[in-house]
Amino acid sequence: MVFSPHQDDETFGCGGMIALKRKHGVSVVVVFLTDGHLSGNLETNSQNQLITVRKQEAVQALAILGVEPSEVYFLDRPDGQLSHLVTQNKQQTIQQIDKLLKKYQPQEVYVPHHKDCHRDHEATYQLVKAAINRVEMKAEMLQYPIWLFWKAPIFIMLNLQDIAAAWFISISSVQETKIKAISSYRSQINTLNKGFIQQFIGKYEIYFRSE
C-alpha cells in the first residue's frame, strides 16, 4: 500500500516499485491524502478543475504502472494543510487510513520520508504511522524521498546510520514504464524544475526503513 500526499508523488517516488510489484502479480493499493489543488496552472484551471485533472492524471499514471482504478483512493484533504488539521479532521483522516489498512492488510506500507522537507509529506508519514500503531499492524514501513535530496544536503538531514541503511532497488526492467507514467502528469511536469524530475527517471529507486 502506497500513501501519497499529492497526485504524482507515488509515481515519482515509487513508480518503479509499483510497476515491478504488478509485473509479478502483487496487488498494489494507492491512497492520496490531499486534493492537490495548490500545484498547477491556475491561469487556465480553477481549483476544482485542477483537482479533477490531477485525479484523472493519477488514475492514468497508475493504470500505466498496472494499478486498477478500484485500488486507488482519494481522501481529499486540503492541499498544504495536512500538518494543520484540527483534531477532529486529523482523527477522521487517521480513521480513514485505519479502515483501509484493515481492509487490505498490506505487508509493506510506503510513505514519504519523515524528513522530506515538505509539510504535507512529513505529515503523511505521521498520519500513516499513527494509523499503523493504532491497528497494531506488523507491516514493514518504507520511506521514499521526494524533496529530501533536492532541498537540503543529505548529510545535514540524515545521519550516517540512516544513509547506510538506505535500500536501493533496481527498476531498469520497468524504467520506461515509469517514465511513461510520469509523463501522464502533464499539469505538473510543465511547472516542475527539469532537474528535479531527472532525479526520478533513473535505473534505481531509494527507500529507507522505519523503526
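Our subject in this report is the structure included herewith. All figures in this text were calculated on a predicted structure; none of them were measured in a lab.

**A few points about the overall build of the protein**
Consideration 1: A tally of regular secondary structure across the protein gives 10 helices and seven strands.
Consideration 2: Over its C-alpha trace the protein gives a radius of gyration of 16 Å, about what one expects of a compact globule, namely 17 Å for 211 residues.
Consideration 3: In terms of principal-axis extent, the alpha carbons of the protein reach across some 45 × 40 × 40 Å.
Consideration 4: Counting the 211 residues in the protein, one finds 49% classified as buried.
Consideration 5: Taking the intrachain contacts of the protein between residues at least 6 apart in sequence as the baseline, contacts between residues at least 24 apart amount to 82%.

**Considering the packing of aromatic side chains**
Consideration 1: What the rule picks out here adds up to 10 aromatic pairs.
Consideration 2: Ring plane angle 75 degrees and centroid distance 6.0 Å describe the contact between phenylalanine 12 and phenylalanine 196, whose orientation is recorded as edge-to-face. Of this pair, phenylalanine 12 sits in helix H1 (residues 9-23) while phenylalanine 196 is found in helix H10 (residues 194-198), placing the two residues 184 residues apart along the sequence. Both residues of the pair, phenylalanine 12 and phenylalanine 196, belong to the buried class.
Consideration 3: When the centroid spacing of 5.9 Å and the interplanar angle of 75 degrees are considered together, the rings of tryptophan 150 and phenylalanine 196 count as edge-to-face. Pair noted here: tryptophan 150 is in helix H5 (residues 148-151) and phenylalanine 196 is in helix H10, with a separation of 46 residues, a long-range link.
Consideration 4: Taken together, Phe12, Trp147, Trp150, Phe196 and Phe200 form an aromatic cluster joined through their ring pairs.
Consideration 5: Taking the ring centre of tryptophan 167 as reference, the NZ or CZ of arginine 209 above it sits at 5.0 Å.

**Brief notes about the nonpolar core**
Consideration 1: Grouped together as the largest cluster of nonpolar side chains are 33 residues, with contacts concentrated most on Val2, Phe12, Cys14, Ile18, Leu62, Tyr110 and Phe196.
Consideration 2: For this core, the secondary structure elements donating two or more residues are H1, strand E2 (30-34), helix H2 (47-65), strand E5 (140-144), helix H8 (175-183) and H10.
Consideration 3: Counting residues per element, this core draws most heavily on H1, at six residues.
Consideration 4: Look past the residues within four positions of isoleucine 18 in its chain and what remains in contact with it is Val2, Glu10, Val28, Val30, Leu62, Leu65 and Val67.
Consideration 5: Ranked by size, the runner-up nonpolar core spans 24 residues in total, among them Leu75, Leu82, Leu127 and Met137.

**A short note on unusual backbone geometry**
Consideration 1: One non-glycine residue, aspartate 76, adopts positive backbone phi at about 60 degrees.
Consideration 2: Of note, aspartate 76 is situated in strand E3 (residues 72-77).
Consideration 3: In this structure, glutamine 105 takes a positive phi of about 45 degrees despite not being glycine.
Consideration 4: Its place among the elements puts glutamine 105 in the loop between helix H3 (87-104) and strand E4 (108-112).

**Brief notes about the pattern of salt bridges**
Consideration 1: What the rule picks out here adds up to seven salt bridges.
Consideration 2: In this structure, lysine 178 and glutamate 205 form a salt bridge, with 2.8 Å as the shortest nitrogen-oxygen distance. Taken as a pair, lysine 178 in helix H8 and glutamate 205 in strand E7 (residues 204-209) lie far apart in primary sequence, 27 residues in all. Side by side, lysine 178 and glutamate 205 carry an identical accessibility label, which is buried.

**Describing the side chain of aspartate 120**
Consideration 1: With respect to the secondary-structure elements, aspartate 120 resides in helix H4 (residues 119-135).
Consideration 2: Buried charge without a salt bridge: aspartate 120, with arginine 119 as the nearest opposite-charge side chain at an N-O distance of 6.5 Å.
Consideration 3: At 2.7 Å, the side chain of aspartate 120 and the backbone nitrogen of glycine 80 are in polar contact.
Consideration 4: Residue contacts for aspartate 120: discarding those within four places in its chain leaves Pro5, His6, Thr34, Asp79, Gly80, Gln81, Leu82 and Ser83.

**Observations regarding the packing of H1 against H2**
Consideration 1: Put simply, H1 and H2 touch, their axes get as near as 8 Å, and they point 35 degrees apart. When H1 is examined against H2, the residues Glu10, Thr11, Gly15, Ile18, Ala19 and Arg22 are found in contact with a partner set consisting of Ala61, Leu62 and Leu65.
Consideration 2: Looking at the contact of H1 with H2, its residues break down into five nonpolar, two polar and two charged.

Calculation rules
- Residues numbered from 1 in each chain as written.
- Predicted model: local features only at pLDDT ≥ 70, side-chain atom pairs only at ≥ 80, totals over all residues.
- Heavy atoms only, no water.
- Helix = DSSP H or I, 4+ residues; strand = E, 2+ residues; numbered from the N terminus.
- Rg over C-alpha atoms; globule rule 2.2 N^0.38 Å.
- Buried < 20%, exposed > 50% of the residue type's maximum accessible area, 1.4 Å probe, protein only.
- Contact = heavy atoms within 4.5 Å.
- Phe/Tyr/Trp six-rings, centres within 6.5 Å; stacked < 30°, edge-to-face > 60°.
- Lys NZ or Arg CZ within 6 Å of the ring centre and 35° of its normal.
- Core = buried A, V, L, I, M, F, W, Y, C linked by side-chain atoms within 4.5 Å.
- Salt bridge = Lys/Arg side-chain N within 4 Å of Asp/Glu carboxyl O.
- Lys, Arg positive; Asp, Glu negative; His and termini not counted.
- Polar contact = N/O pair within 3.5 Å; in protein donor to acceptor, adjacent residues only side chain to side chain.
- Axes fitted to C-alpha atoms, helices over the stretch in contact; angles between N-to-C directions.
- Nonpolar A, V, L, I, M, F, W, Y, C, P; charged D, E, K, R; others polar.

Geometry only, nothing functional implied.
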